[in-house]
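So the chains spell out like this:
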Amino acid sequence: MATTADALSNEDFFYSYLAEYLDGELSGPAAQRFDEILKSAGKAAIPEHFRAMRGRLQLALQSHYLKEDETQVLRALVQDPEVKMTQENIRIEQIGRGEWVSTWLRRIALIVVLFAVIGGLAWKFLPRSGPVFKPLEYLGYEALAMEEDTQGRLDLPTTDIKEIRQYLGNYPGLEYKPRTLKTVPERWQPRGVSVIDYDVAKVAAVVYTNVENKEKLFHFSFIGNLSDLPSAESSTMNGIKFQTYGSDQFNLVAWQHGYGVVSLLVGRRSTAELFEIAAQGTRE
Amino acid sequence: MEACVSAPAKIQQVYNESFINFFDEQLVGHADTVYRMAYTLTLSLDSSFQLVKETYQRIVPNLASMQNAVDQNSLPTLLTTLWQCFGQLDQVKTPEISSPLGKILRSLPVDARAALVAVDVAGLGPAEAARVFGWSESDLRQKLAGARRVLLTSNLS
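None of the values given here were measured: they were computed from a predicted structure.

Chemist: Lay out the overall build of chain B with the relevant residues and their values.
Modeler: Regarding its fold elements, chain B presents 9 helices and 0 strands. When the helices and strands of chain B are listed from N to C terminus, the series reads α-α-α-α-α-α-α-α-α. Sequence-distant contacts, at least 24 apart, represent 74% of the contacts inside chain B between residues at least 6 apart. Carbon and sulfur atoms make up 46% of the accessible area of chain B, which amounts to about 7400 Å² in all.

Written out as structure tokens, the structure reads:
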């Protein structure tokens, strides 16, 4: 810079270094020389005047600029406008397709979340329908199984009805008081007792054996109401309603054996005989 | 000084996206500044765009080397090319000028107004501007000083 500055007259030096002076970029001998010239008559106001006029020059030239079509002519030097337009259209189409996909993904995600929330709420608040206890079906099958393997399926094989009542009375976890028949015809002898756990219901089962022909009679009792069972032919004795059912293997008699407990007597005897046994065993 | 070529009818080479982006951002981005310098030189709006267009046509074949010079500011290269193209122009017919700006510029020799606009409008440093025009820095400063003296006594508002 020193060489350049030295080659200039004071006037040329002063005017050509005005911008550096205003920007504070002058130092050393150049700054000293500029200050000396600045102090000379009529120069003090020039730097600020230059700043203003330079601004006006820049402003005046800003009104000269390329129009859009002229700029496009320059761009067209490296890219065919038709190709560019095609590429832009493809890009717009891709963006549009992407938008469409993302919009639907968002909607689907929202629907999934909505269903999940509804499902969660339903799972939490709606009563759940668990496995249904079907006494006639289950206990008919149970009677058949116990008839084939009585010994193996009895928790307590005994002929003492007191032991059976005691066993049921002390059985842990039963939410009801299992019923037993108070009396049965003499030819029917207690054979033992079991509590069958179906998860949804616990059923007390007392097995009787006919001493004459070893025929079996099953007395089940469980939580429920007679009205829960399918309607069937019925008879009433001593104010108690007995409903009778039949199948290929067994006949069944059901009755309300106290509050909230249903009894079911199952055997190969006629419904009339089963009804008599049930009525006799339930009599007060 | 190479002669400026006339405009090709079609693009002679297919440029990749990187070239196109570089051209658009680094070169077309300076187009207004180049145009102002072209006007400063020709003082004709009609000739200005033609000069700018020829400048860019001449730049395009050198795009690869310009793109590789990562740190290089493209503006000095553009102005150098513009200056070379201006030197190859036939006599430009200057229309009647009525604007204060046009009158100031017309009152200056072309070298002086080129130096003024390169430094005080385009923002080049004096040393850089000197390289653009192929002068020594002291030559540029002499021309710049003369142009500024005229500017300071003008009635540009």
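Chemist: Before we move on, can you summarise the overall build of chain A with the specific residues and values?
Modeler: Within chain A one finds 11 helices and 8 strands. Here the contacts in chain A between residues at least 6 apart in sequence split such that 56% fall between residues at least 24 apart. When the accessible surface of chain A is totalled, it reaches about 17000 Å², and 54% of it is carbon and sulfur.

Chemist: Tell me about the pairing of strand β7 (residues 251-256) of chain A, and please be specific about residues and values.
Modeler: Residue and element names in this part refer to chain A. Extensive coverage of β7 is indicated by the burial of 5 of its 6 residues. Sheet analysis places strand β6 (residues 240-246) next to β7, joined by 5 bridges and oriented antiparallel. Within β7, the position partnered with Y245 by the bridge is L252. Where β6 folds back onto β7 in an antiparallel hairpin, the turn is made up of 4 residues. Across 6 bridges, β7 lies against strand β8 (residues 261-267) in antiparallel orientation. Note that in β8 the partner of Q256 across the bridge is V262. In this structure, the hairpin formed by β7 and β8 is closed by a connection of 4 residues, where G258 is found at a positive phi of approximately 95 degrees.

Chemist: Pulling in residues and values, what's your account of the interface of chain A and chain B?
Modeler: Counting residues at the interface gives 36 residues for chain A, matched by 40 residues for chain B. Summed over both sides, the interface between chain A and chain B buries roughly 3600 Å², with carbon and sulfur atoms accounting for 72% of that surface. Taken together, the links from chain A to chain B amount to 3 salt bridges. With a shortest N-O distance of 2.8 Å, R141 of chain B and E20 of chain A are connected by a salt bridge. Applying the counting criterion to the chain A and chain B interface returns 13 residue pairs in polar contact (both at pLDDT 80 or more). Elements with a contribution of two residues or more to the side of chain A that touches chain B: α2 (10-16), α3 (18-22), α5 (46-62) and α6 (68-75) of chain A.

Chemist: Got a sec to walk through the sheet that holds β8 of chain A? Specific residues and values, please.
Modeler: Residue and element names in this part refer to chain A. Strand order in the open sheet made by the 8 strands is β1-β2-β3-β4-β8-β7-β6-β5, with antiparallel pairing throughout. Only two strands of the sheet have a single partner each, and these edge strands are β1 (156-157) and β5 (233-237). Across the sheet, helix α8 (residues 135-148) lies against β2 (188-197), β3 (202-210), β4 (216-223), β6, β7 and β8, angled at about 145 degrees from β4, the strand it touches most. Set on the sheet, helix α11 (residues 271-282) makes contact with β2, β4, β5, β6, β7 and β8; between it and β7 the angle comes to about 30 degrees.

Chemist: Can you break down the environment of F220 of chain A residue by residue, with the values?
Modeler: Residue and element names in this part refer to chain A. Mapped onto the elements of the fold, F220 is located in strand β4. Relative accessible area serves as the criterion here: at 0%, F220 is assigned to the buried category. In the structure, F220 is positioned 42 residues away from P178 in sequence and 8.7 Å away in space, judged by C-alpha atoms. Discounting chain neighbours no more than four positions away, the residues touching F220 are L139, E142, A143, M146, I196, V203, A204, A205, V262, S263, L264 and V266.

Chemist: Tell me what's going on with the pattern of salt bridges, and back it up with residues and numbers.
Modeler: Residue and element names in this part refer to chain A. Scanning the model with the defined rule gives 16 salt bridges over all chains in all. Across the pair E273 and R269 runs a salt bridge, and its minimum N-O distance is 3.4 Å. Sharing partners across several salt bridges, the network here consists of R187, E215, R269 and E273.

Chemist: Let's hear about helix α9 (residues 137-153) of chain B: which residues, and what values?
Modeler: Since there are 3.6 residues in each turn of an α-helix, residues three or four apart along the chain are aligned in direction. Between its first and last C-alpha atoms α9 of chain B spans 24 Å; for 17 residues at 1.5 Å apiece the expected length is 24 Å, and the two agree. Residues S138, L140, R141, L144, A145, A147, R148, L151 and L152 of chain B constitute the buried set of α9 of chain B.

Chemist: Explain the packing of aromatic side chains to me, and be specific about the residues and the numbers.
Modeler: Residue and element names in this part refer to chain A. In this structure the tally under the stated criterion is 20 aromatic pairs over all chains. Between F218 and F250 the ring centres are 6.3 Å apart and the planes differ by 85 degrees, which places this aromatic pair in the edge-to-face class. With F218 in strand β4 and F250 in the loop between β6 and β7, this residue pair connects regions lying 32 residues apart in the sequence. Its relative accessible area of 0% is what places F218 among the buried residues. Classification of F250 by relative accessible area gives buried; the value is 3%. Among the aromatic residues, ring-to-ring pairing joins F13, F14, Y15, Y17, Y21 and F34 into one connected group. Residue placement shows R107 over the ring face of W104; its charged tip is 4.9 Å from the ring centre.

Chemist: Tell me about unusual backbone geometry, and please be specific about residues and values.
Modeler: A positive phi is found at D199 of chain A, a non-glycine position, where the angle reads about 70 degrees. Judged by relative accessible area, D199 of chain A falls into the exposed class, the value being 74%.

Chemist: Account for the packing of α6 of chain A against helix α3 (residues 45-59) of chain B, with residues named and values stated.
Modeler: As a packed pair, α6 of chain A and α3 of chain B sit with axes 10 Å apart at the nearest point and diverge in direction by 20 degrees. With respect to α3 of chain B, the element α6 of chain A is oriented roughly parallel. The crossing of α6 of chain A and α3 of chain B is right-handed. In this structure, α6 of chain A uses E70, V73 and L74 of chain A to contact α3 of chain B, whose residues at the interface are F49, V52, K53 and Y56 of chain B. Looking at the contact of α6 of chain A with α3 of chain B, its residues break down into 5 nonpolar, no polar and 2 charged.

Chemist: Residue-level account of the pairing of β5 of chain A, with values.
Modeler: Residue and element names in this part refer to chain A. The sheet contact formed by β5 and β6 spans 5 bridges and is antiparallel. Pairing of S234 across the sheet is with Q243, part of β6. With antiparallel pairing between neighbouring strands as the criterion, β5 and β6 make up a hairpin whose turn holds 2 residues, including N238 at a positive phi of roughly 55 degrees.

Rules used in this analysis
For every chain, the first residue of its written sequence is number 1, and the numbers climb from 1 along that sequence. Throughout, the order in which chains and ligands are written sets their labels, letters from A for the former and numbers from 1 for the latter. Given that this is a predicted model, residues contribute local features only at a pLDDT of at least 70 and side-chain atom pairs are listed and counted only at 80 or more, while totals for whole chains, interfaces and linings are drawn from all residues. Where side-chain values are given, they derive from all heavy atoms of the structure, hydrogens and water being excluded. In this description a helix means any DSSP run of H or I spanning at least four residues, a strand means any run of E spanning at least two, and both kinds are numbered starting from the N terminus. Here, residues are in contact when the closest pair of their heavy atoms is within 4.5 Å. Areas reported here follow the Shrake-Rupley algorithm with a probe of radius 1.4 Å; residue values treat only the protein chains shown as occluding. The cut-offs for exposure are 20% and 50% of the maximum accessible area for each residue type, with area from a 1.4 Å probe on protein chains only; residues under the lower value are buried, those over the upper are exposed, and the others partly exposed. We call two strands paired when DSSP finds no fewer than two bridges between them. A quick way to say it: buried area is the sum, across both parts, of accessible area lost when two parts are put together, with a 1.4 Å probe. For salt bridges, the criterion is a side-chain nitrogen of Lys or Arg within 4 Å of an Asp or Glu carboxyl oxygen. The definition of a polar contact used here is a pair of N or O atoms within 3.5 Å, where within protein one atom must be able to donate a hydrogen and the other to accept one, and adjacent residues in sequence count solely through side-chain atom pairs. All axes are obtained by fitting lines to C-alpha atoms, using only the stretch in contact for helices, and the reported angles, taken between N-to-C directions, cover 0 to 180 degrees. Helix span, expected: 1.5 Å multiplied by one less than the number of residues in the helix. Stacked, tilted and edge-to-face are the three classes applied to pairs of Phe, Tyr and Trp rings, where Trp contributes its six-membered ring and a pair requires centres within 6.5 Å; stacked means planes under 30 degrees apart, edge-to-face means over 60, and tilted covers the rest. Only when the NZ of Lys or the CZ of Arg is both within 6 Å of the ring centre and within 35 degrees of the ring normal is a charge said to sit over the ring. The cut-offs work like this: below 35 degrees is roughly parallel, past 145 is roughly antiparallel, 65 to 115 is roughly perpendicular, and the gaps in between are oblique. Here a crossing is taken to be left-handed if its near helix is turned anticlockwise relative to the far helix by less than a right angle, and right-handed if that turn runs clockwise. Polar here means any residue other than Ala, Val, Leu, Ile, Met, Phe, Trp, Tyr, Cys and Pro, which are nonpolar, and Asp, Glu, Lys and Arg, which are charged; Gly is therefore polar.

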